[in-house]
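As a plain string of letters, each chain reads:
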Amino acid sequence: MNAPIPENIPRAQQVISVLWPSFLVAIVASGLFFSAFNPVELIPFNLDIDISPLAAYSIGFFLFWILAIVSSTGTLYFTISNCRVLNKQRR
Amino acid sequence: MGTQQAETEAPEFYAKHKKIYPREVSGRFSRLRLISLLALLGIYYLTPLLQWGDRQAVLFDLPARKFYIFGLTLWPQDFIYLAAILILAGLSLFFFTALLGRVWCGYACPQTVWTEAYLWMERKIEGNRSRRMKLDKAPMSAAKFRIKLLKHTAWITFSLWTGLTFVAYFTPIDVLIGKLFSASLGPWETFWILFYSFATYGNAGFMREQVCLYMCPYARFQSAMFDSDTLIVAYHPERGEPRGSRRRGTEPKSAGLGDCIDCNVCVQACPTGIDIRDGLQYECIACSLCIDACDGIMDKMSYPRGLIKYTTENSAQGKSQHILRPRIMVYATILLVLCGALFVHISQRVALDLDVIRDRNTLYRETRDGLIENVYTLKILNMDSNPHRYILSADGIDGMKLVTDQDEIMVEAGSVYQIVVRIQADEFNLEKRSVTVNFHLQATDANHLVMVEEARFVGPGKS
């Protein structure tokens with residue numbers, strides 16, 4: 001691997017590179033999950049929660065998005081910190 | 001210095017973004033493009049207004065967990081169709097990319113479509129390319145503020161309409177507009193309208209070509225579908241070079257020049273801000289605006305058109321072209337087979353589902369007559385758009401008896417009906433402890449509405 005390793009990616013680009021792929025993954029994940037499970041039926045009976053289906057789907061979507069964001073952030077963090085180490089070794 | 005070295009190592013990849021002011025061009029391909037953009041915008045904004053019977057023609061009814069697409073009603077069980085349609089869409093993209101290059105990017109991608117719409121508003125309000133550049137350079141003044149305010153008002157209005165239309169695919173548009181005017185929109189409906197509006201405003205107003213350059217996965221891997229016979233937009237250096245300015249009516253050869261007058265109009269027209277004369281680049285979305293721009297200049301110079309044109313690598317190198325090549329045929333075959341399979345599957349889809357749940361509390365019980373009895377809960381799902389009466393029967397054990405409290409079961413269109421039934425059988429006829437029985441459900445008024453579901457019948461077992 002002789003290619004230059006970028007480690008100073010602008011912050012805006014970092015944020016987008018985390019948010020955007022996770023957004024796409026969250027759409028797929030919610031689609032798969034909610035076609036198998038009806039969110040209204042998932043709420044335990046002993047919990048007295050009155051929640052509209054749209055709210056349940058939306059919250060589900062955001063939970064998936066947050067999960068994917070955590071994963072993407074991890075990947076970005078490790079990539080950048082590894083780049084830093086590799087670049088340092090090379091110098 | 002660490003950062004300094006990193007900067008010199010990867011300077012051009014993360015260059016600071018320069019705002020692009022695409023020049024307006026007219027010509028054959030711009031017209032074609034305009035037709036495509038208007039048609040797609042029309043489909044997006046008008047589809048929720050269509051009615052089918054007494055409901056919205058295309059509606060993804062999340063609370064009821066039903067997707068209506070004209071005459072078709074899809075249930076969560078039909079998720080496979082959605083997956084198949086997505087796979088088909090992906091394959092079509094492969095097919096058209098191999099054949100026509102990035103025609104999707106230039107003519108049909110929502111990013112392109114809405115960017116052009118926003119650019120059109122920008123042109124109408126701020127003026128042509130040079131006026132827009134001048135306006136942005138000028139210090140803030142009352143006049144500039146007015147123009148900018150007008151542009152953003154137009155953009156935001158259009159965004160809100162876009163967001164409202166998006167939510168209208170999930171909440172019927174008449175309900176949505178009624179709620180909007182009575183100020184009783186739910187929090188999540190409001191949220192999604194604003195979310196989608198903001199995304200449209202940001203993507204089409206500001207991000208524009210950066211979405212293609214930095215965020216689009218297709219832009220990165222489309223080259224894998226390319227071969228030497230794929231349609232591309234290309235400049236012909238052997239005709240154009242050496243480029244140089246000259247007076248109108250000059251014969252290029254007499255001046256020792258090629259046909260390119262180096263007017264830079266192709267660069268100014270490019271919505272991604274590249275110079276097509278540098279060769280094929282991944283930034284090129286094949287929008288063909290540079291073709292129209294250059295053709296206009298060639299006409300003015302009385303040179304033949306086509307210095308920049310749609311071509312293929314093979315044709316540009318003077319080799320023979322092949323439209324029907326293995327790659328195309330493979331993509332086309334897979335596409336046709338899948339399309340056919342999906343069509344057959346959907347047309348033969350039985351709009352009926354039967355779920356059998358055996359009573360889990362008791363394995364079996366004995367009736368007064370000494371028969372073994374099992375209890376089942378049946379869920380009948382009528383996925384058709386008409387109500388139906390069904391006749392239930394069962395077989396699997398000699399002399400078995402199905403006990404229900406109704407002869408015909410009426411199920412409304414698009415609803416689930418639950419019924420408890422009993423099966424009684426003589427212990428003598430049970431070969432094993434657990435045997436298979438079949439429930440048959442048949443609509444009285446439609447022969448094709450038949451569903452058979454297996455269940456277990458449990459008895460004491462032979463000792």
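Residues numbered from 1 in each chain as written. Chains lettered and ligands numbered in written order. Predicted model: local features only at pLDDT ≥ 70, side-chain atom pairs only at ≥ 80, totals over all residues.

J.: Please explain the overall build of chain B as it appears in this structure.
T.: Counting its secondary structure elements, chain B contains 16 helices and 16 strands. Along the longest, intermediate and shortest principal axes, the C-alpha atoms of chain B span 110 × 60 × 55 Å. Looking at chain B as a whole, 24% of its 463 residues qualify as buried. Put simply, of all contacts in chain B between residues at least 6 apart along the chain, 68% involve residues at least 24 apart. (Helix = DSSP H or I, 4+ residues; strand = E, 2+ residues; numbered from the N terminus. Buried ≥ 20, exposed ≤ 12 C-beta atoms within 10 Å, placed from the backbone. Contact = placed C-beta atoms within 7 Å.)

J.: Would you explain the overall build of chain A in this entry?
T.: Tallying secondary structure elements over chain A gives 3 helices and 0 strands in all. Out of the 91 residues in chain A, the part that is buried amounts to 13%. Counting contacts in chain A only where the partners sit at least 6 residues apart, residues at least 24 apart contribute 78% of the total.

J.: It is not clear to me how the sheet that holds strand β4 (residues 66-69) of chain B should be interpreted in this structure. Could you clarify?
T.: Residue and element names in this part refer to chain B. If you trace the 3 strands from one edge of the open sheet to the other, you get β3-β4-β5, paired in antiparallel fashion. Each having just a single partner strand, β3 (58-61) and β5 (72-74) make up the two edges of the open sheet. Between one strand axis and the next, the sheet turns through 10 degrees on average, direction left out of account. Pairing geometry for β3 and β4, over 4 bridges, is antiparallel. Paired with F60 across the strands is F67, a residue of β4. (Pairing = 2+ DSSP bridges. Axes fitted to C-alpha atoms, helices over the stretch in contact; angles between N-to-C directions.)

J.: For this particular structure, what's the right way to read helix α16 (residues 326-347) of chain B?
T.: Since the α-helix packs 3.6 residues into each turn, any two residues three or four apart lie on the same face. For α16 of chain B, with 22 residues, the first-to-last C-alpha span of 31 Å sits near the 32 Å given by 1.5 Å per residue. In terms of burial, α16 of chain B is largely open, as just 1 of its 22 residues are buried. (Expected span 1.5 Å × (residues − 1).)

J.: Which parts of the structure should I look at to understand unusual backbone geometry?
T.: Trans peptide bonds make up the majority, and among non-glycine residues the majority have a negative phi. Residues and elements named next belong to chain B. Cis geometry marks the peptide bond from E241 to P242, where omega comes out at -10 degrees. Note that P242 resides in the loop between α12 (237-240) and α13 (265-269). Within the chain, D262 stands out as a residue other than glycine whose phi angle is a positive 55 degrees. Counting through the fold element by element, D262 comes out in the loop between α12 and α13. Phi angles above zero are rare outside glycine, and A286 is one such case at about 55 degrees. With respect to the helices and strands, the residue A286 is situated in the loop between α13 and α14 (289-301).

J.: I keep staring at the nonpolar core and nothing clicks. Help me out?
T.: General note: in soluble globular proteins, nonpolar side chains tend to be found buried as a group. Residue and element names in this part refer to chain B. In terms of nonpolar packing, the biggest core is built from 35 residues, with V233, C266, I276, C290 and I308 touching the most fellow members. Every element with two or more residues in this core is listed here: α5 (110-126), α9 (187-207), α10 (209-215), β6 (232-235), α13 and α14. Here the element with the most residues in this core is α14; it accounts for 5 residues. (Core = buried A, V, L, I, M, F, W, Y, C linked by C-beta atoms within 7 Å.)

J.: What is the right way to look at the environment of T75 of chain A in this model?
T.: Residue position: T75 of chain A is located in helix α3 (residues 53-90). Taking C-alpha positions, T75 of chain A is 8.9 Å from V18 of chain A, a pair spaced 57 residues apart along the chain.

J.: What am I meant to see in the domain arrangement of chain B here?
T.: Reports of interface size often rely on the accessible area that becomes lost once the parts have come together. Residue and element names in this part refer to chain B. As assigned here, chain B comprises domain 1 (16-349) and domain 2 (352-458). A separation of 55 Å is found between the C-alpha centroids of domain 1 and domain 2. The interface is formed by 4 residues belonging to domain 1 together with 4 residues belonging to domain 2. (Domains from an automatic or database assignment.)

J.: Explanation requested: the pairing of β4 of chain B in the structure shown.
T.: Along a regular strand, successive side chains alternate from one face of the sheet to the other. Residue and element names in this part refer to chain B. Counting the residues between successive antiparallel strands, the hairpin from β3 to β4 contains 4 residues, one of them, R65, with a positive phi of roughly 55 degrees. Relative to β5, β4 runs antiparallel, the two sharing 3 bridges. Counterpart to I69 in the pairing with β5 is L72. With antiparallel pairing between neighbouring strands as the criterion, β4 and β5 make up a hairpin whose turn holds 2 residues, including F70 at a positive phi of roughly 50 degrees.

J.: What exactly am I supposed to notice about α14 of chain B here?
T.: Residue and element names in this part refer to chain B. In this model, α14 (13 residues) spans 19 Å end to end at C-alpha, consistent with the 18 Å of a helix rising 1.5 Å per residue. Turning to α14, its buried residues number three or more, namely L289, C290, I291, D292, A293, C294 and D295. Contacts from the buried residues of α14 go to α2 (28-46), β6, α13 and β7 (308-311). Following α14 by one or two positions, S302 adopts a phi angle in the positive range, close to 60 degrees.

J.: Just to check I follow, could you spell out the confidence of the model for chain B for this structure?
T.: All names here are of chain B. Mean pLDDT over chain B: 89, with 96% of residues reaching 70 or higher. Note that pLDDT drops below 50 for residues 1-14; the model gives that stretch 14 contacts with residues more than four away or on any other chain. Per the prediction output, this complex has pTM 0.83; the corresponding ipTM is 0.85. (pLDDT = per-residue confidence, 0-100.)

J.: Honestly, the environment of H388 of chain B in this entry has me stumped. Any pointers?
T.: Residue and element names in this part refer to chain B. Structurally, the position occupied by H388 is in strand β11 (residues 388-395). Taking the C-beta count within 10 Å as the criterion, H388 has 22 such neighbours and is therefore assigned buried. With 47 residues separating them along the chain, H388 and A341 place their C-alpha atoms 28 Å apart. The residues touching H388, leaving out its near neighbours within four places in the chain, are N382, V411, A443, D445, A446 and L449.

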